[in-house]
Each structure stands twice: as C-alpha cells, then as structure tokens.
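Commentary on secondary and tertiary structure
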Amino acid sequence: MSRWIDEALAEHAQAEHEHSAHEPLTPAGRAELPLAEAQDREQQVLDRIDRARRRRPKVREERVTMSHGAGGKATHTLIEAVFLDAFRNPLLEPLEDAAALQVNGARIALTTDSYVVSPLFFPGGDIGDLAVNGTVNDLSVSGARPLYLSAGFILEEGFPVAELTRLAESMRDAAAAAGVHIVTGDTKVVQKGKADGCYINTAGVGVIERDIDLGVAHAQPGDAIIVSGPIGDHGVTIMLARGELDIEADIESDTAPLNHLVAGLLDQVPSVRAMRDATRGGVATILNEIARAADVGVLVSEDDIPVRAEVRGASELLGIDPMYVACEGRLVAVVPGQDAEAAVAALRAHPLGEQAAVIGHVRQEQPGIVQLKTAFGGTRIVDLLVGDPLPRIC
Amino acid sequence: MCLGIPGEVIELHPDQPDLAKVDVSGVRRLINIGLLADDPPKPGEWVLIHVGFALSKIDEHEAAAALAFLEGIGQAYEDEIAALKESLIE
Amino acid sequence: MRFVDEFRDADKAHALAAKIAALCEPGRQYKLMEVCGGHTHTIYKHGLEDYLPESITLVHGPGCPVCVIPMGRVDDAIHLASQPDVIMTSFGDMMRVPGSGGSFFDANAEGTNIRMVYSPLDSLKLARQNPGKQVVFMAIGFETTAPSTAMTMIRAAAEGLKNFSVFCNHVTIVPAIKAILDSPDLRLDGFIGPGHVSTVIGCRPYEFIARDYGKPVVVAGFEPLDILQSIYMLMLQLSQGRSEVENQYARVVPWDGNIVALKAIGQTMELRPYFEWRGLGFISHSALQVREKYAAMDAERLFQVPGVRVADPKACQCGEVLKGVLKPWECKVFGTACTPETPIGTCMVSPEGACAAYYNFGRMNRSRVAEAAQVGRP
C-alpha cells in the first residue's frame, strides 16, 4: 500500500525539480528567489498544488471501487488514464456528452449511457425513463436534434416479465414525448444475483442542423452560467427511494427530455457556447469541467442557485451538498454575458425551464478553479468530489 | 460527526414511545427520542437530530435571545455606518 | 430552514466582524483554536475567515474523530469485515480512510461487505433482516455519538438480538484538549469549544481550561454566525482579562449536559486504560470500550482483532496538523502526493479533517473583508 505513496512522492519531487529547472534565469544566470512572507509561502504552495493538479492523472488503485462510478474525480481519472489513453483520438478528446462526427458531409452526434440505478422504480419515473431521457439529453445539449436510440437490456434471471413490460412501456412513452424512435436493441440474461434486476444501455444518434460548435472549452471570461431549474431532485429521490434512510418527502425525480427546451434556447440565443446535462456528479462537476476545459475561473453565488426546500432539508439532514447531487432533467448553459437575460427568458418560456436562473460567471482570475460566494458572504472553492456516498444514481 | 440538524417534532409514534416523526424543511423522518426520556418532546417542539437520535431540545427562548443579540449588533452597526456616512458628507 | 438560516445572515456577519476587529489590540496576534472538526468544516464551507482581521488566526484542533483513528484500527475493522458471514456497517466518513492495505471501498472491491449507514439503528435493522449474518457496527465519534451507540446496544439487548455487535472506537474530547494544552509547541489564546459534544457532557468539563490554564472557552454552535459570535465573545473576554467558560450555543447545549445520555454510555461502556490517537500518541483514559456486561455485543471479544500497530507513512504529518502546529498547506505532501483522491492521511480524507476542508474549500489566497478592519475603529 505504501508503495504508491513512495512512487507518488518521487513523481512529484521530480516534476517540481523539472519545474524549477525551467525557471527563467536573471541575466546574472541565477534563479531569482522571491521573498517568502507567510502569504507568499502559502501562495507558493497553492501554485505547487495547481501544477500537481494539471499533471496527467494516474490510477493508484489496483481494483475498481464504487468511487470510480460516482462521476467525480475518481471517474475522471479512470476515464483519462485508462480509456482516453487506450482509445486516444481527436473525436474522443473533448469528452463532451456526445461526440460530434462528420459522416458523408452530414454532422451527426453520437452518445451512449448505461443505467444501473437501484431501485428500478422511484417517484417521478423508472430506469426506462432515465435511459431514454438521458440519451436524448446528451444529444440535445450537444446541439443535435435527437433521432434514433438503441436499447440494450441485461436482465437478471428471475426478473418479473410484468416489470420488464412496465419498463418497456415507460420507454415507449418517454420516446414519444421526446419525438425519438428506438430502432434497435439487444437482450441478454445473466444469472440470479447479477444485474440487480435490470441494467439498460442506450446509444443515440442525432443530427446537428444548426451552424454551431458547442463545447465547454469555448467558455470565455464574461460568460454567464445558467441552470435550467432546481438542482438535486433526482439524486435525493433515489437515496430516499432506497428505503434505507426511513425518510419521507415529496420529492420526485426530475427526469425529462430536454430537446424542446434546448431548441427553444438555441432559437432565441444562437450564441450559446456550451451546454451540459447535469447528471452524476451534479452541477458542481460541470462547473469544474468548464473551468478545466477552458482554463478559466468560475464564480457562482450560493444565493442564486435554485434548490427545492425539501431537497435542501434532506441534504442538510444527511450532510451532503446539493451541488454534487445528480439531476436528470436539468441543463447547465454557458452563454455570452450580454445574452444571459435572453437565454433565461427563453428557458423560462418552457415548462421545464420555469425556474431557470443565472448562477454565476466565467472569469479570468484563478483559472481552473471554481469559487462560490456563500450565502453568508464568504468565499470558498467548489472542487470535484473524489467519489460519492450515493452509489448508483443513474 | 458533529452534524446535528434542527427538526420539528410532528407526532409521537402511537406504539413506540421512544420514536417520533420529525420534519426538516418538508422532509420527514422517524427518529429515536430515547435520549430525551427525562423530558420528552411534544409535537411542535424542536429537537437537534444526530445520526437518527434527538440529542437535545432546542430552547426557543435561548434561540430568540441569541437572535436578539445579533439583531442588536446589526442595528448598532447600521447606526454606526449611517453615522460614518453622515460625517463624510460633512 | 428554521434555526439555520437566521444564523447564516450575511448582514449580521459584517456587524460582528467590525466588533471583533475593534477588540484587537494593535500589534498583537491572536490564536484561537476550534477543537471540533465540524467547526473546521463550517469555517471553510462558509468562507468565514473572510470576516476575520489578519491578526486573528484560527488553529484547527484534533476534534475530528475519524482523523484520530490510527491505521491499525482501520486494518482491524477490515479484518473483522473479512470474517465469514460478517456485514460491517459504518458511517460514510470512514469509507475512504486508508488502512495499510487500503480503505473500506478498496476492501469491498476485494470482497468484503462493508455497508454505509446513517445511524447505528440502521445496523440494527440490518441485523434483524439478516439473521444468518453477523452485523458489526463500527462505532466512531466523540461523546456526541456515543449515546446513540449506547442506546442501540440497549435496544439490541432488549430485543434479544444475537447477531449484532459493536467495534467500539469512541473517543473522549477532554484528554485531547489537555494534550493540546500541555503541548510545548503551541501558544493559544482561547478555545472555540465543541458544540454537540457539549450537549452530552455539558460545559463543566471545560472549566479546568479557564481555571488552570487561564484560557477562555466559548462553547459554539455550528452556523457561521454562531462561530463569529463565539469569536467575538472570546475576544471580549481577552480584552477584559477574563478567562471563563461561556455557552454561546445555549439554545441547544444545557450547562449540565444530558444525564440520560451519560447514563446510557455508563451502562454500556467504560473508559479504556489507554488508546492510541493518530498524531497524538497513546493517551490514557481517552477512549471507550464495551463493558463486560455487554460482552456478547463486543466485536473485539467475539472476534480476534489483530491489533497490530501500524506506523503512519513517513511522509505523513497529520499528527502536527491535528495538534494545530502545522497549517494544512504547511505539510510537505499537502496537495501534491496527498490529495482527497489519493489521501496519505486521515486529515485529508475525513470531511471534517483540516486538510480536506482547506483543500476542498479554502485553497485560495484570502482577501479579508476590508470593511471589517476599518469600521469600528475610533
């Protein structure tokens, strides 16, 4: 175990050594050392940490743990160190919600998602709704008009056919609401004890008809960050629905197809720079993805982030932060500052965007870092969580 | 570990005297009030909840007193700021 | 949210900040320790330091019950979890704490069944639902949480449950504070006293700090205004040359504590002769173990735990951070080899640990609210 500690220490020491070796030399040929007051020392440490954070991630664990599935740091590290490393190609690199492809002159978006939520049925929806809406949303926030979905099922031996039928009907209804068709699929059965009843994978294809190129890397200082509605509904619903916490609340999953909402937004505000579907990892994860991809600072205001009272109550009770809790019917949009008002108005014109709000801005200071102005008036950082104490939300 | 949240007692459990339902911002949970056996809470009273147990009752008078102190300081502050602004104008 | 939002009001914060700044003697530096990890968390989560003048430094204390668990005890827990038919249950805070072979999450990846629970009562429920399994509850926490473990054990006994036991790692706060006071490395001016521990033990146990060591103590609530008000009360004491124990959190903390809770602890647990604290070494009479009378629920008696002492990794400076001697960013491996994702020590992995709080929330150069320093000066 301590093996990785020694390796990590050596790695960082080497990297710091190389960094100092590249320090610009004064004309006299010696490196100029700054005066180290307490504040300067702290700043030096902060700089060192910033450098460490930008280095290529390595997976330290020998086995996959639940943290790797939470959508936070561990997931990102696993994806970058294992998958990106193996599959490396320019189409994959942006790691957006969908890949933007050119096929015979047409611009196409392709995405895939797997759903392993437990319980399968919960207030506001079921795994079938999630599967359809989730994929529709990934396509929509990439600027595409969602068209066709595939649906792969992994079923546990003993799973009731009546429940499977219910799920299929949910998916039919969700697809109809979104205006998409499920055109191909697959079915596998695994032995009792695996698959938790039912796992679903969906892949989706959409066509990018608008002349836009969305991506979080396009965010610029001055841009406004907008969220389409109250956050954390889905994740808290799932936690409560597991029944382990003996908590009752009138909270429902917010699962919904966002394609019409997005179309409305893009019609009014074609200058949108980026959109993301806020799922696993919550809004906080997206804010960090923006800061990192565009190398900008992000400042959001706690008072401006919409959260339902019950979601807040449940979160306080459990000691979790709604900013990290999954949504399934919310988007985060980055738009040029001067278009923020129009964007909010466009979102609010649609029932799914009734409580849309500007939650913060992109800025030049502190690139790569997300800061929050707390309701109390102080400031703090909002970093990615490593994992998440809520296994399997979607 | 120090996480304690205030909740309002909604009802006592009809069959189990050491359980009560509390409400935190519209979220309800059954908690154990056994630690308050000497002075069990009644519906409408507030308790501090920690890992599924009520640790203490929230004394509304003390809460009001704490807030009054903070209000007082706030008022004195407002007065001072106002005075400061006035003196600048002069 | 009632009793929460009122104590997060930014306007009142400015007023308090001004009062605090006004009480600072020019040229003097103040060091106040918040003992409780929950206070450390609040301070960073709400950006409270922005309201304090440069001359006041908050020193983070050892009141994080997860942070003080030595690696050997984590190994012991994993050993327990590895026994046949055992379901180990634990609070979420413990799941990522590194033992010498990995954390609970890592152990689960290797085949153990360690489940997260919100309350010890959830463990009891699991035991009822799984009569063929041995359900072990890893009990951690200071005196705040010990009564809940105690009540759970009493309930289990009343129900005649045979498959529930407790791996007891409860620790007591006063010996930790005393170790800090007796430490030659530290000069503190006052203490922000633990809030929720005090609902159980009351405020009297801190009287020795004011009386024998001459340091003021203010028992504080957990909302940002509570902490600011407590700092104000401490500064007032210092400026008036007093050293007393005061209770800012009177709406929740009874001066005499909670007798029922203390009785429940006394019925089920007793002080260990000594216990090892990460970073502080062996402290006598500082932790609890299950009483003989409840031996059938004592995991340490039911199962053999290896009890091997595991030395902290050489690079780890958690001990000094826990004592408040080092600020998190002063630790050599902070933020580089030791991060929340790759924690070397407990201070980085516990949600209340000073390093985690600083890394996750406070890792920036602070611009103190300029107003606070100016308004209120004569």
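All figures in this text were calculated on a predicted structure; none of them were measured in a lab.

Check the secondary structure of chain C and you find 16 helices and 13 strands. In terms of overall size, chain C behaves like a compact globule, its C-alpha atoms giving a radius of gyration of 21 Å where 378 residues would be expected to give roughly 21 Å. Considered along the principal axes of its C-alpha atoms, chain C spans approximately 75 × 45 × 40 Å. When each of the 378 residues of chain C is scored for burial, the buried share is 63%. Within chain C, counting contacts between residues at least 6 apart in sequence, those at least 24 apart form 78% of the total.

Attention shifts here to the overall build of chain B. Summing up its helical and strand segments, chain B has one helix and five strands in all. With respect to the three principal axes, the spread of C-alpha positions in chain B is 70 × 25 × 25 Å. The buried share among the 90 residues of chain B stands at 42%.

Turning to the interface of chain C and chain B, a few remarks are in order. Many descriptions give the size of an interface as the accessible area lost when the pieces come together. Between chain C and chain B, the contact holds 45 residues from the first and 33 residues from the second. For the side of chain C that touches chain B, the secondary-structure elements that each account for two or more residues are helix 1 (10-22), helix 2 (37-45), helix 5 (120-129), helix 6 (146-159), helix 8 (196-201), helix 10 (224-239) and helix 11 (259-268) of chain C. Considering every element that reaches the side of chain C that touches chain B, the biggest residue donor is helix 1 of chain C, with seven residues. Classifying every residue of the side of chain C that touches chain B by side-chain character gives 24 nonpolar, 13 polar and eight charged.

We now examine the pairing of strand 2 (residues 106-115) of chain A. All names here are of chain A. Sheet topology places strand 1 (residues 99-103) next to strand 2; five bridges connect them, and they run antiparallel. Each bridged residue has a counterpart across the sheet, and for A100 the counterpart in strand 2 is A109. Linking two consecutive strands that pair antiparallel, namely strand 1 and strand 2, is a turn of two residues; a positive phi of about 50 degrees is found at N104 within it.

A few words now on the environment of D226 of chain C. All names here are of chain C. For D226, the location among the structural elements is in helix 10. Residue class for D226 comes out buried when judged on the 25 C-beta atoms lying within 10 Å of it. Placed 218 residues apart in sequence, D226 and R8 show a C-alpha to C-alpha distance of 8.6 Å. Once you skip the residues sitting within four places of it in the chain, D226 turns out to touch F7, A220, G221, Q248 and Y249.

Between chain C and chain A, the residue contacts involve 43 residues of the former and 42 residues of the latter. Elements supplying a minimum of two residues to the side of chain C that touches chain A: helix 1, helix 2, helix 4 (104-109) and helix 15 (354-362) of chain C. Of the residues contributing to the side of chain C that touches chain A, the split by class is 21 nonpolar, 13 polar and nine charged.

Residues and elements named next belong to chain A. Overall, mixed pairing links the five strands, which are arranged 1-2-7-5-6 in an open sheet. Two strands close off the open sheet at either side, each with one partner strand: strand 1 and strand 6 (181-190). Averaged over all pairs of adjacent strands, the angle between their axes in this sheet comes to 20 degrees, without regard to strand direction. On the sheet, helix 4 (residues 127-140) packs against strand 2, strand 5 (145-156) and strand 7 (198-207) and is oriented at approximately 30 degrees with respect to strand 7.

Strand pairing in a sheet takes place through backbone hydrogen bonds and is either antiparallel or parallel in direction. Residues and elements named next belong to chain A. The seven strands lie next to each other as 10-12-8-13-11-14-15, forming an open sheet whose pairing is mixed. A strand with exactly one partner marks an edge of an open sheet, and here the two such strands are strand 10 (274-277) and strand 15 (379-381). When strand polarity is set aside, the average angle formed by the axes of neighbouring strands in this sheet is 25 degrees. When strand 11 (residues 297-301) meets strand 13 (residues 357-363), the two strands line up antiparallel, connected through four bridges. The residue of strand 13 that forms the bridge with G297 is R363.

Residue and element names in this part refer to chain A. Of the pairings in the sheet, the one linking strand 11 to strand 14 (residues 370-373) comprises four bridges and is parallel in character. Within strand 14, the position partnered with S301 by the bridge is K373. When strand 14 meets strand 15, the two strands line up antiparallel, connected through three bridges. Looking at strand 15, one finds that K373 is bridged to T379.

Glancing now at helix 10 of chain C. The periodicity of an α-helix, 3.6 residues per turn, causes residues three or four positions apart to be oriented the same way. Residue and element names in this part refer to chain C. Relative to the 22 Å expected for 16 residues at 1.5 Å per residue, helix 10 spans 22 Å between its end C-alpha atoms, a close match to the ideal helical length. Within helix 10, 14 of the 16 residues are buried, leaving the element largely enclosed by the surrounding structure. G241, located one to two residues past helix 10, shows a positive phi value of around 65 degrees.

Scored by pLDDT, chain B comes out at a mean of 86, with 92% of its residues at no less than 70. Per-element confidence in chain B is highest for strand 5 (residues 53-57) of chain B, whose mean pLDDT is 96, and lowest for helix 1 (residues 60-89) of chain B, whose mean pLDDT is 77.

Attention now moves to the environment of E328 of chain A. All names here are of chain A. Within the secondary structure layout, E328 lies in the loop between helix 9 (309-318) and strand 12 (331-335). The buried category is assigned to E328, around which 28 C-beta atoms lie within 10 Å. Distance from E328 to T255, taken between C-alpha atoms, is 4.5 Å for residues 73 residues apart in sequence.

Moving on, we get to the confidence of the model for chain C. Residues and elements named next belong to chain C. This prediction gives chain C a mean pLDDT of 91; 96% of its residues lie at or above 70. Per-residue pLDDT, averaged within each element of chain C, yields its smallest value for helix 16 (residues 370-374) (38) and its largest for strand 8 (residues 217-219) (98). Ignoring residues within four places in sequence, the model shows residues 368-378, a span with pLDDT below 50, making 25 contacts including any to other chains. Scoring of the predicted complex yields 0.87 for pTM and 0.90 for ipTM.

This next bit is on the packing of helix 6 of chain C against helix 11 of chain C. Residues and elements named next belong to chain C. Their axes nearest at 8 Å, the elements helix 6 and helix 11 cross at an angle of 60 degrees. Judged by the angle between their axes, helix 6 and helix 11 are oblique. Along this stretch, helix 6 crosses helix 11, giving a crossing that reads as left-handed. On helix 11, the residues touching A146, P147, A150, M151, M153 and I154 of helix 6 are A261, A264, I265, Q267 and T268. The class makeup of the residues in the contact of helix 6 with helix 11 is nine nonpolar, two polar and no charged.

The next subject is the packing of helix 2 of chain C against helix 15 of chain C. Residues and elements named next belong to chain C. As a packed pair, helix 2 and helix 15 sit with axes 9 Å apart at the nearest point and diverge in direction by 10 degrees. With respect to helix 15, the element helix 2 is oriented roughly parallel. In this structure, helix 2 meets helix 15 at a crossing whose hand is right-handed. Contacts between helix 2 and helix 15 pair T40, H41, Y44 and K45 from the former with A354, A357, Y358, F361 and G362 from the latter.

Here we take up the environment of S286 of chain C. Among the secondary structure elements, S286 of chain C is positioned in the loop between strand 12 (281-284) and strand 13 (288-290). Taking the C-alpha atoms as reference, S286 of chain C lies 5.8 Å from V171 of chain C; in sequence the two are 115 residues apart.

The next subject is unusual backbone geometry. With omega at 5 degrees, the peptide bond leading from S118 of chain A into P119 of chain A counts as cis. Mapped onto the secondary structure, P119 of chain A falls in the loop between strand 2 and strand 3 (121-122). The backbone phi angle of S25 of chain B is positive, close to 55 degrees, even though this residue is not glycine. With respect to the helices and strands, the residue S25 of chain B is situated in the loop between strand 2 (19-24) and strand 3 (27-32). Overall, the presence of 22 C-beta atoms within 10 Å leaves S25 of chain B in the buried class.

Residue and element names in this part refer to chain A. Taking 1.5 Å of rise per residue, the 18 residues of helix 5 (residues 161-178) would be expected to cover 26 Å, and the 25 Å separating its terminal C-alpha atoms lies within 8% of that figure. Those residues of helix 5 lying buried are L167, M171, A174, A175 and A178. Projection of helix 5 onto a plane perpendicular to its axis shows the buried side chains occupying an angular sector of 100 degrees, all on one side. Counted as exposed and oriented over 90 degrees from the buried face of helix 5: V161, A162, T165, E169 and A176. Against strand 4 (125-126), helix 4, strand 5, strand 6, strand 7 and helix 7 (259-268) lie the buried residues of helix 5.

Thresholds applied
Residues numbered from 1 in each chain as written. Chains lettered and ligands numbered in written order. Predicted model: local features only at pLDDT ≥ 70, side-chain atom pairs only at ≥ 80, totals over all residues. Helix = DSSP H or I, 4+ residues; strand = E, 2+ residues; numbered from the N terminus. Rg over C-alpha atoms; globule rule 2.2 N^0.38 Å. Buried ≥ 20, exposed ≤ 12 C-beta atoms within 10 Å, placed from the backbone. Contact = placed C-beta atoms within 7 Å. Nonpolar A, V, L, I, M, F, W, Y, C, P; charged D, E, K, R; others polar. Pairing = 2+ DSSP bridges. Axes fitted to C-alpha atoms, helices over the stretch in contact; angles between N-to-C directions. Expected span 1.5 Å × (residues − 1). pLDDT = per-residue confidence, 0-100. Parallel < 35°, antiparallel > 145°, perpendicular 65-115°, else oblique. Left-handed = near helix turned anticlockwise from the far one by under 90°. Arc of directions from axis to C-beta.

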